Amino acid sequence: MTTLLALPYWQETGIKLGLALVVIPTTSLILVYLFLFKMMAFMQSRLGPNDTGPYGTLQLIAEAIKFLQKEDIHPAQADRRVFRMAPVVVLASTFLLYVVLPAGPDAVVEDLDTGVFYAMAVSSLSVLGILMAGWASANKYALLGGLRAAGQLIAYELPLILAVMGVVIQAETLNLQGIVEAQATGEIFGFGGIGNPFILTQFLAFLIFMIAAQAELTQTPFDMPVAETELVGGFHVEYTGFRFLLFFMAEFGTAFAFSALASVMFLGGWWIPGFDVDDNILNVLGPGVMLAKILLVAFFIFWVRFTYPRLREDQLQKFAWKVLIPLALANIVLTGIFKVVF
Amino acid sequence: MVAQNIFFGILSAIVILSALRMVTTRNIVHAALYLVAVLAGLGALYVLLTAEFVATTQVLVYIGAVMVLFLFGIMLTKAPLGNAMEMTGKQWPIAAGVAALLGGVIVYSLVNHFGSDRLVTDGPIYRTADVSDEVFSTYIVPFEAVSVLLLAALIGAIVLARKD
């Protein structure tokens, strides 16, 4: 990797911060527009959001203006400080996730050595914000939603991390760039033309990861924390206007980040077959390839979301503890055995 | 070096103030949230000491798991809003004494052992692989002992919680 330009640390950090501030809201806008407004509208015959402006693109602006106009309401009994902090904590967890997501050999905010481990750690911070929101709203429905979210996120974090372990064992590194490199230089029975995307060898881990990610993102069929038929709106029932928008942005931003993690760990990341892993051109082409893969993964997440009905709370817990975790452990054992034998 | 010292000062102030508020606040959820601030500040201090893996583990285990379970338990049982609860027990002077004694012993032993040694922060950065190599070679016996201890605690908790 040749360094094209060297800047002082603080300038580099400033540019990266500015870029992240632009990229993260954009990613959630892309997902909302493409999947929530277009795909969901077609799949569920919701005709409204399809038709504002050319291809329905103006609907986003209409929604943004609507949210900004709304009054900022605090419930009378609410704990105001915690109530205001909660959406910020949730959004901070999303922002921290983007730090390690790579889009090219050098196109990454910070290439942390602990990579995927770090991503798992900061993604677990959002539960804290959800619990704070549920408690501070002084509303029993909000509190119930917060508790459900916490119980669910604790249960599904384990299979998520255990599924990632299989990939880590095979790639022999926690670093996300290292995982991309391991897939790019890998071979399938001696054929190295397309590398070795880990979805082939770690298909079970991929399935577990996607299911657990669905639950972590509280998307249907795992959306009991916000189940509107039972809990009105769950932990964010008392939030209005801009504060609600923060939760909304965090939800879609995190969906994008988890899709990116899945594409990096299982689909080969930014690498394009035929290029060297540290080819500088990949810094330009890589983000495009990553975006395509992310949208593909996100398509599956939202496809499931718009298709399946909600699970019951006990089914959800049973599924995590009795199915996903044993499967993930078996996957680790198998991967370990294969790693040692071959 | 200067920037590190400044951030060390800021982080230490945050940690100490949050720790004090944690034991003086009259709301149990606020106390738990101040504890989160203390643990997060400690994690940031680990980053300053170039211990990236330890810092990440701190966030994952203490904030992501332990504190979430704390809050979950508190909210599931009794978490009134406002300053409703009297949380300072009658034995707080004894507790303060024990805490001061412990702090004194730690400070004394650190000063006694290290004196005016300076921490080398621009030396080699320990990668995650180095940490795991150390754990699974030099420190394998303590590591296994701790695993067995945790397993025993886990089984003990299940036995205590079972009603039949």
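The preceding data block contains the structure.
Every value quoted in this text rests on a predicted model; they were computed, and no experiment measured them.

Visitor: How should I be thinking about the overall build of chain A in this particular structure?
Guide: Each helix and strand counted, chain A has 13 helices and zero strands in total. In terms of overall size, chain A behaves like a compact globule, its C-alpha atoms giving a radius of gyration of 21 Å where 342 residues would be expected to give roughly 20 Å. Relative to its full complement of 342 residues, chain A shows a buried share of 46%. Sequence separation of at least 24 residues holds for 78% of the intrachain contacts in chain A that already meet a minimum separation of 6.

Visitor: Please clarify how the overall build of chain B should be interpreted in this entry.
Guide: Scanning chain B for helices and strands turns up six helices and zero strands. What you see in chain B, going N to C, is helices and strands ordered as α-α-α-α-α-α. Burial status across chain B gives 13% buried among its 164 residues. For chain B, restricting intrachain contacts to residue pairs at least 6 apart in sequence, the fraction spanning at least 24 positions comes to 59%.

Visitor: So what exactly am I meant to see when it comes to the packing of helix 3 (residues 80-97) of chain A against helix 5 (residues 125-136) of chain A here?
Guide: Residues and elements named next belong to chain A. Here helix 3 crosses helix 5 at 160 degrees, and the two axes come no closer than 8 Å. Classified by the angle their axes make, helix 3 and helix 5 are roughly antiparallel. The hand of the helix 3/helix 5 crossing is left-handed. Of helix 5, the residues touching helix 3 (which contributes Val82, Phe83, Met85, Ala86, Pro87, Val89, Val90, Ala92 and Ser93) are Leu125, Ser126, Leu128, Gly129, Ile130, Met132, Ala133 and Ala136. Counted by class, the contact of helix 3 with helix 5 contains 14 nonpolar, three polar and no charged residues.

Visitor: Would you take a moment to explain helix 3 of chain A for this structure?
Guide: Because an α-helix packs 3.6 residues into every turn, residues spaced three or four apart end up facing the same way. The terminal C-alpha atoms of helix 3 of chain A lie 27 Å apart, and with 18 residues this matches the ideal 26 Å at 1.5 Å per residue to within 8%. Where helix 3 of chain A bends most, at Ala86 of chain A, the angle is about 25 degrees, and the proline Pro87 of chain A comes one to four residues later.

Visitor: Quick question: what am I supposed to make of the interface of chain B and chain A here?
Guide: Where the parts come together, the accessible area they lose is often given as the size of the interface. On the chain A side, the residues contacting the 20 residues of chain B number 23 residues. When residues of the side of chain B that touches chain A are traced back to their parent elements, those giving at least two are helix 2 (28-48) and helix 3 (52-77) of chain B.

Visitor: How do you make sense of helix 2 of chain B when you look at a structure like this?
Guide: Compared with an ideal rise of 1.5 Å per residue, which puts 21 residues at 30 Å, helix 2 of chain B spans 31 Å between its outermost C-alpha atoms and is within 8% of the ideal. Those residues of helix 2 of chain B that sit buried are Val29, Ala32, Leu33, Tyr34, Leu35, Val36, Ala40 and Gly43 of chain B. Close packing links the buried residues of helix 2 of chain B with helix 3 and helix 5 of chain A together with helix 1 (2-24) and helix 3 of chain B. After helix 2 of chain B finishes, the residue Thr50 of chain B shows a positive phi value of roughly 60 degrees.

Visitor: Looking at this model, I keep getting lost on the packing of helix 3 of chain A against helix 11 (residues 241-266) of chain A. Mind explaining?
Guide: Residue and element names in this part refer to chain A. Interhelical geometry of helix 3 versus helix 11 gives an angle of 25 degrees and a closest axis separation of 9 Å. Accordingly, the angle class assigned to the pair helix 3 and helix 11 is roughly parallel. The handedness of the crossing between helix 3 and helix 11 is left-handed. Across from Pro87, Val88, Val90, Leu91, Thr94 and Leu97 in helix 3, the residues of helix 11 making contact are Arg243, Leu246, Phe247, Met249, Ala250, Gly253, Thr254 and Ala257.

Criteria and cut-off values
- Residues numbered from 1 in each chain as written.
- Chains lettered and ligands numbered in written order.
- Predicted model: local features only at pLDDT ≥ 70, side-chain atom pairs only at ≥ 80, totals over all residues.
- Helix = DSSP H or I, 4+ residues; strand = E, 2+ residues; numbered from the N terminus.
- Rg over C-alpha atoms; globule rule 2.2 N^0.38 Å.
- Buried ≥ 20, exposed ≤ 12 C-beta atoms within 10 Å, placed from the backbone.
- Contact = placed C-beta atoms within 7 Å.
- Axes fitted to C-alpha atoms, helices over the stretch in contact; angles between N-to-C directions.
- Parallel < 35°, antiparallel > 145°, perpendicular 65-115°, else oblique.
- Left-handed = near helix turned anticlockwise from the far one by under 90°.
- Nonpolar A, V, L, I, M, F, W, Y, C, P; charged D, E, K, R; others polar.
- Expected span 1.5 Å × (residues − 1).
- Bend = angle between axes of the 7 residues up to and from the residue.

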